[in-house]
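Listed below are the residues making up each chain.
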There are 2 protein chains.
Amino acid sequence: VIVYGRNPVREAILGPRTVSHVWLTKGAARDASFASLRGVAISVTSSEEIEHRCGSSSHQGVCAEVSAFSYADGDAVLGKPGSVLIALDQVQDPQNLGAIARSAECAGALAVVIPERRSVEITPAVCKASAGAVEHIAVARVRNLADFLVQAKDSGFWCYGADASGARRYDEITWSGGVVLVLGAEGTGLRPRVAAACDELVSIPLRGRIESLSVSAAGAVLLYAATAGRARPRS
Amino acid sequence: VIVYGRNPVREAILGPRTVSHVWLTKGAARDASFASLRGVAISVTSSEEIEHRCGSSSHQGVCAEVSAFSYADGDAVLGKPGSVLIALDQVQDPQNLGAIARSAECAGALAVVIPERRSVEITPAVCKASAGAVEHIAVARVRNLADFLVQAKDSGFWCYGADASGARRYDEITWSGGVVLVLGAEGTGLRPRVAAACDELVSIPLRGRIESLSVSAAGAVLLYAATAGRARPRS
């Protein structure tokens, strides 16, 4: 598969994927992080060829052929007690998945959990939107998100669903131990079965006239609340 | 000027701008918030005509002719002691300005402050990215951001610049009284003169391998930290 953009290609090189070929414009070839690559075929070419290879005009002069994205296992991410996970219920916008993966990686969350169906996957556009963060955080695909939450609770995690009408405010919660944050798609929110599988529904105060935060802003606020005072995760 | 998209047009109708004409597709015309408009010319038309009028394919079947966006005055937003403001130094991406305006409106901040030069203005794309939030929050344009911060400090505001190498962590701060949050553009950060005009530089912990949060995620985290426990702003 192809990833494109300076940060996504740089992070793919630093992360676990195998990078087999990098295409650069002359301008991008001056960037030291690409010039010093070993064991990788490098071609300096035109911006047009790079756009043709990656199918996007947002390539910033760089694209790379990399091995397929390797998803984590749902059971495996529940095997580290005391972690913070973020699960997305039917989020279909690559920008939102990418933005949340980036915030989750920065906050020190262990993993992003997405359902197999009706969710965007880790596409090149998601890699780009995450600024390459998906190379450094586990992304688990699970068959059924409500079932995963039941399993998470059995494994000692506390599951908090984000809901504008949630009974408890996020800043009233003591975020200790294992936590799964659950966010729904913009506009529709959590599906009833997913909401029912959460231990608590939590709200972020809205003090203006707009009805909701964006899912990526809500994710950033909850991720930093839940990880406050925690150490870096061990990978 | 033209605004487009369901939320942006709905909020333009609810906000202070004059809406003179709304164009809807048949599908969008079923939406009650547009059907009940009074004193506004409504045309039901094709998706193609709407795209032609607004110059974007992200119109969701709605666009409207509205009066020009009315910026707030820098002096006026400093006239409300105890408020939270967010200032953006040379943020040029409409998505970032829109996302931050939305989070600021939701968090209950009083205003977004942008410099007159080298900053994106309130364009239709910004209205769309903000989900219409710019209709309900003051946006002040100032000639020089560093001078504005000096003036803010004289007016009793405490100015916090976001900086990954900032000496104090954002979660160690007692966010009381008047606050100006200052964020720089992604990649470049705050300009030296703007950073020097801040009372303190604050950092958000990065516990992963990625070098920075997105400016919109950092904005959401700082806005909710700074407004925690505050009441709704009076407008």
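Only a predicted model underlies this, so the values are computations on that prediction, with no experimental measurement involved.

The next thing to look at is the nonpolar core. Among soluble globular proteins, nonpolar side chains are generally buried collectively. Leu181(A) and Leu181(B) are the most contacted members of the largest nonpolar core, which totals 112 residues. Not counting the four nearest positions on each side in its chain, Leu181(B) is found in contact with Val84(B), Leu85(B), Ile86(B), Ala87(B), Tyr160(B), Trp175(B), Leu222(B), Leu223(B) and Ala226(B).

All names here are of chain A. Counting buried positions along strand β4 (residues 62–66) gives 4 out of 5 residues, so the element sits mostly inside the fold. Alignment of strand β2 (residues 19–24) against β4, held across 5 bridges, turns out to be antiparallel. Bridge pairing in β4 links Val22 to Ala64.

Listed by partner, the interface residues are 37 residues for chain B and 37 residues for chain A. Buried surface at the junction of chain B and chain A, both sides included, amounts to about 2,900 Å², of which 51% is carbon and sulfur. When the area that chain B buries against chain A is broken down by residue, the three leading residues are Arg207(B), Ile210(B) and Tyr224(B), summing to 29%. At the surface where chain B touches chain A, the tally comes to 2 salt bridges. The salt bridge involving Arg102(B) is made with Glu186(A); its shortest N-O contact spans 2.8 Å. For the interface between chain B and chain A, the tally reads 22 residue pairs in polar contact (both at pLDDT 80 or more). Those elements that place two or more of their residues in the side of chain B that touches chain A are α1 (6–14), α6 (94–107) and α10 (215–227) of chain B. Looking at the side of chain B that touches chain A residue by residue, the classes come out as 18 nonpolar, 9 polar and 10 charged.

Looking now at unusual backbone geometry. With phi around 55°, Gln60(A) is a residue other than glycine that occupies positive phi space. With respect to the helices and strands, the residue Gln60(A) is situated in the loop between α4 (47–54) and β4.

One pass over the structure, following the stated rule, counts 6 aromatic pairs over all chains. A ring pair is formed by Phe69(A) and Tyr71(A), whose centres lie 5.1 Å apart and whose planes are at 75°; its orientation type is edge-to-face. On the numbers, 6.4 Å between centres and 80° between planes, the contact of Tyr224(A) with Tyr170(B) is edge-to-face. Separated into two different chains, Tyr224(A) in helix α10 (residues 215–227) and Tyr170(B) in the loop between β9 (168–169) and β10 (179–184) make up a pair that spans both. Residue Tyr224(A) shares its accessibility class with Tyr170(B), and that shared class is buried. Sitting above the plane of the Tyr71(A) ring, Arg141(A) keeps its charged end 4.9 Å from the centroid.

With an RMSD of 0.0 Å, the operation that places chain B on chain A is a rotation of 180° combined with a shift of 0.0 Å along the axis. The transformation relating the two chain copies, once decomposed into turn and shift, fits a two-fold axis. Across chain B, the rotation axis passes nearest the C-alpha of Val221(B), at a separation of 2.5 Å.

Remark on secondary structure: sheet strands pair via backbone hydrogen bonds, oriented parallel or antiparallel. Residues and elements named next belong to chain B. The 7 strands are arranged β7-β6-β5-β10-β8-β11-β9 in an open sheet whose pairing can be described as parallel. Two strands bound the open sheet, and with one partner strand each, they are β7 (138–142) and β9. Summarising the sheet, strand β5 (residues 84–89) and β10 pair through 6 bridges and their orientation is parallel. Following the sheet pairing, Val84 is matched in β10 by Val179. Sheet strands in contact with α10 are β5, β8 (158–162) and β10, and its direction is about 170° off that of β10.

Residues and elements named next belong to chain A. When you line up the elements, Pro115 lands in strand β6 (residues 111–115). With a relative accessible area of 5%, Pro115 lands in the buried category. Distance from Pro115 to Asp89, taken between C-alpha atoms, is 7.0 Å for residues 26 residues apart in sequence. Once you skip the residues sitting within four places of it in the chain, Pro115 turns out to touch Leu88, Gln90 and Val142.

All names here are of chain A. The parallel open sheet is built from 7 strands, whose spatial order is β7-β6-β5-β10-β8-β11-β9. In this open sheet, the two strands that pair with only one neighbour each are β7 (138–142) and β9 (168–169). Running at roughly 170° to strand β10 (residues 179–184), α10 makes contact with β5 (84–89), β8 (158–162) and β10 of the sheet.

To continue, consider α10(B). Residue and element names in this part refer to chain B. End to end, α10 covers 18 Å across 13 residues, agreeing with the expected 18 Å (1.5 Å per residue, within 8%). For α10, a buried count of 13 out of 13 residues is recorded, marking the element as mostly surrounded by other parts of the structure. Backbone geometry just downstream of α10 places Gly229 in the positive-phi region, at approximately 80°.

This next bit is on the state of the cysteines. According to the stated counting rule, one finds 0 disulfides over all chains in the structure shown. With no disulfide of its own, Cys63(A) lies closest to Cys54(A) among cysteine sulfurs, the gap being 5.3 Å. No disulfide involves Cys127(B); its sulfur sits 12 Å from that of Cys54(B), the nearest cysteine. What makes Cys127(B) buried here is its relative accessible area of 2%.

Attention now goes to the confidence of the model for chain A. When pLDDT is averaged across chain A, the result is 93; 98% of the residues are at 70 or more. ipTM for the predicted complex: 0.95, alongside a pTM of 0.95.

Side chains that differ in sign of charge can pair as their charged atoms come close. With the rule as written, the count across this model stands at 15 salt bridges over all chains. A salt bridge links Asp171(A) to Arg169(A); the shortest N-O distance between them is 2.7 Å. In this structure Asp171(A) comes out as partly exposed when scored by relative accessible area, which is 33%. By relative accessible area, which is 30% here, Arg169(A) ends up partly exposed. Measuring nitrogen to oxygen at the nearest pair gives 2.8 Å for the salt bridge that ties Arg53(B) to Glu49(B). With Arg53(B) and Glu49(B) both in helix α4 (residues 47–54) and 4 residues apart, the pair spans about one turn of that helix. Given a relative accessible area of 28%, Glu49(B) falls into the partly exposed group.

Cut-offs applied
- Sequence order as written defines residue numbering, which begins from 1 separately in each chain.
- Written order determines the labels here, with chains lettered from A and ligands numbered from 1.
- Totals for whole chains, interfaces and linings use all residues, but because this is a predicted model, local features are given only for residues with pLDDT of at least 70 and pairs of side-chain atoms are given and counted only at 80 or more.
- Processing note: side-chain calculations cover all non-hydrogen atoms of the structure and skip hydrogens and water entirely.
- Working definition of a nonpolar core: buried Ala, Val, Leu, Ile, Met, Phe, Trp, Tyr and Cys residues. They are joined through side-chain atoms within 4.5 Å.
- For every residue, the accessible area obtained with a 1.4 Å probe (protein chains only) is divided by the maximum for its type, and the residue is called buried under 20%, exposed over 50%, and partly exposed between those limits.
- Contacts between residues were defined by any pair of non-hydrogen atoms, one from each residue, lying within 4.5 Å.
- Comment: elements are numbered from the N terminus, with helices defined as DSSP H or I runs of at least four residues and strands as E runs of at least two.
- Strands pair, by our definition, only if DSSP identifies at least two bridges between them.
- Two parts placed together each lose some accessible area under a 1.4 Å probe, and the buried area is that loss summed for both.
- We define a salt bridge as a side-chain nitrogen of Lys or Arg found within 4 Å of a carboxyl oxygen belonging to Asp or Glu.
- For the purposes of these results, a polar contact is taken to be a pair of N or O atoms within 3.5 Å, where, inside protein, one atom must be able to donate a hydrogen and its partner to accept one; residues adjacent in sequence count only when each atom of the pair is a side-chain atom.
- Polar here means any residue other than Ala, Val, Leu, Ile, Met, Phe, Trp, Tyr, Cys and Pro, which are nonpolar, and Asp, Glu, Lys and Arg, which are charged; Gly is therefore polar.
- Working definition: rings of Phe, Tyr and Trp (its six-membered ring) pair if their centres are within 6.5 Å, and the pair is stacked with planes under 30 degrees apart, edge-to-face with planes over 60 apart, and tilted otherwise.
- When the NZ atom of lysine or the CZ atom of arginine is within 6 Å of a ring's centre and also within 35 degrees of its normal, the charge is said to sit over that ring.
- Superposition of the copies used a least-squares fit over C-alpha atoms from residues whose pLDDT is at least 70 in both.
- Working convention: axes come from line fits to C-alpha atoms, limited for helices to the stretch in contact. Angles between N-to-C directions cover 0 to 180 degrees.
- To estimate how far a helix should reach, multiply one less than its number of residues by 1.5 Å.
- Any two cysteine sulfur atoms within 2.5 Å of one another count as a disulfide.
- The quantity called pLDDT is the predictor's confidence in a given residue, expressed from 0 to 100.

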